[in-house]
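Each chain is listed here by its residues.
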Amino acid sequence: MSLPAIAQRPGRGRWGVVRGPEVLGAPAATPPAAGSYRAVRVFFRNPAGVLALLFLALVAAVSLAAPWIYPDDPLSMVARPFLWPGHSWDYPLGTDSLGRDVAAGLVWGGRISLAVGFAAMGLGVTVGVIVGALGGYFGGRVDDALQRVTDIIQTMPSFVLLVVLVAIVQPSVQSVTAGIAIVTWPTVARLVRAEFRSLREKDFVMAARALGFGHARVILREILPNALPPLIVTASVLVASAILMESALSFLGLSDPNVVSWGSMIGSGREVLRTAWYLSAIPGVAIVLSVLALNLIGDALNDAFNPHAATGA
Amino acid sequence: MSTSRLFPVLRRTLLQAAPTAIGIVILNFFLLRLAPGDAADVLAGESGSATEETMVMMRHSFGLDLPVLHQLVAYLSNLTHGSLGFSPLYNMPVAALIAQRLPGTLLLMGLALVIALVLGITLGTVMALNAGRWPDRLISVVTLVFYSVPGFWVGLMLIVAFSVMLGWLPSGGSETIGARLMGLAAVLDRLQHMVLPATSLALFYVAIYARLTRASVLEITSQDYVRTAAAKGLPPLTIAMRHVLRNALMPVTTVAGMHIGGILGGAVVVETVYSWPGLGRLTFEAVMKRDFTVLLGVLLLSSLLVIFVNMAVDLLQLWLDPRIEVRR
């Protein structure tokens, strides 16, 4: 390369090279990091998104504070059964068929729903990012093999597969979380792979490679940060769908029998649906509001990252 | 559609589907092996008493003492003969059991898909034609709620509203027991039993199709040929129906094919809620009884159903859009 020789000529500064081929090789100034904060500002200007975020924070805070709000086991019988909501100050949401406090169950159940939702998302995203990044970046045989695996899991009806997995490994909070992660990571892998495949060809990646950076650095420091926006939007929607899957599993009785969750409350309320429908209705409202909040956050993030996209698309 | 175009596409879809199908079969076999207990355990548990010797004999007669690879070959050869194993609990072959339940589920899924498409496309078109105004905002909130509601909970709440409080519709089953209806009355009775479960199953997809249709219609509305149609003086309804909607529906058909697996999963819970005699309810029963032969039979068959539907959608698109020759 003749570039250093020219650049070292006396009397010329760093930008002394102006001829085309040399400009291409010249070190570029670091681009201003304006984009990252712009998205955050746009997000906080969206009332629905902010409201949803506040609501979710409230649900999370109440769930975390459960041991202080309701120190007793939510599965213990505390009052007369079938107390309708609003009839007693001590039990504002009433009691179930065994005299257990519905409000206590709701608060403790939120812990399980949110914990499983976020943990399953974290696990699924981690596996999905690793698989998608390796496949998308390296291509070739690795990619083909990984694509086959994602194809197989994505073809199988995911809820049926989840039911089978959880039934094989006895139901527990851990196995439900792992099961949900197993059926969701291909979604992430597919998305990350597509991002990596298109970003791999971009000039800044070429430049990084030309500078002699290793694969690990190019993947982690150059490509991954640029693939983050769609990944963050997907992650928020994944938490929502993980909560829905967990509730459906525990409704079917495929959950840890020793912990309350919103789905299992609906499941046990179902037996007395005709006489005490509030037992199924209340935990369901909690699920709907939490999932709705997560979906609203996902929408708001999407709008914040893609200012040109049609809203709601 | 001429055969010269049909064959390359058919060959390509088959080539794509075959490795996935084989992978699913092998995965299924290993899941079955992972499951606690085998057929011998189940039978011994059923009879209540079994000596160590009879267990060994039973395992031998089922081929459960052979090396894994031999068992896999045996499993594959059974599959090619259409056998998914035998369920000791139901005392019948799994394939026959599934064949008995499949029509009920397909019927329910079909009606749910029709409801989802009709409602979703209508809502999406209304949203797009009023983009940014209040009908758009209102419907978009409603669809987002549909998108966030668990199907089984909607099912329960619909039962409370329409069966318990209003008494309009039956709360479960697939027909009025003992009514012995014939002809049109039987069909109407069936439909009455299907409305609530199909609606609970459909709501989630109504939301997806509405949003998809909205985006797709908005994109097409900005095309030149739509402006030309408007400049010609065509009435807005004609433009919406013949010029916009027709083209906007392509992405919806693609996605609808991909949703078969999801709808099947939803059917598991919804059928349980409405005690609808289908594949989903069978799955639930198999889970409760820990009958893994049945459970994995359902998983395998429903996966193959998804592959089959996706191939059918590929061919349907070829017919819908003559420009598609061989994708990729």
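Residues numbered from 1 in each chain as written. Chains lettered and ligands numbered in written order. Predicted model: local features only at pLDDT ≥ 70, side-chain atom pairs only at ≥ 80, totals over all residues.

What should I look at first to understand the overall build of chain B in this one?
Along the backbone of chain B there are 13 helices and two strands. Within chain B, buried positions represent 34% of all 328 residues. Taking as baseline every contact in chain B between residues at least 6 positions apart, the subset at least 24 positions apart corresponds to 72%. (Helix = DSSP H or I, 4+ residues; strand = E, 2+ residues; numbered from the N terminus. Buried ≥ 20, exposed ≤ 12 C-beta atoms within 10 Å, placed from the backbone. Contact = placed C-beta atoms within 7 Å.)

Sorry if this is basic, but what is going on with unusual backbone geometry here?
Most of the time, phi is negative for any residue but glycine, and the peptide bond is trans. In the Ramachandran plot, B:Ser275 falls in the positive-phi region, its phi being about 35° despite a non-glycine side chain. Along the polypeptide, B:Ser275 turns up in the loop between α11 (260-273) and α12 (279-288).

Can you walk me through the environment of B:Gly85 in this structure?
All names here are of chain B. The topology assignment puts Gly85 in the loop between α4 (68-80) and β1 (86-87). Once the C-alpha coordinates of Gly85 and Val217 are considered, the two residues, 132 residues apart in sequence, prove to be 49 Å apart. The residues touching Gly85, leaving out its near neighbours within four places in the chain, are Val94, Thr293 and Gly297.

Would you explain the nonpolar core in this entry?
Soluble, globular proteins show a tendency: their nonpolar side chains are buried together. With 143 residues, the main nonpolar core has A:Leu162, A:Val163, B:Val206 and B:Leu295 as its most contacted residues. Per-element tally for this core: the top contributor is helix α8 (residues 183-221) of chain B, with 17 residues. In this structure A:Val163 touches A:Leu254, B:Val268, B:Thr283 and B:Val287, once residues within four positions along its chain are discounted. (Core = buried A, V, L, I, M, F, W, Y, C linked by C-beta atoms within 7 Å.)

Got a minute to help me understand the interface of chain B and chain A in this structure?
In this assembly, 44 residues from chain B lie in contact with 38 residues from chain A. The set of elements that each furnish at least two residues to the side of chain B that touches chain A consists of α1 (3-34), α6 (134-148), α7 (151-165), α8, α11, α12 and α13 (292-320) of chain B. The element best represented in the side of chain B that touches chain A is α13(B), accounting for eight residues. Residues belonging to the side of chain B that touches chain A are distributed by class as follows: 31 nonpolar, 10 polar and three charged. (Nonpolar A, V, L, I, M, F, W, Y, C, P; charged D, E, K, R; others polar.)

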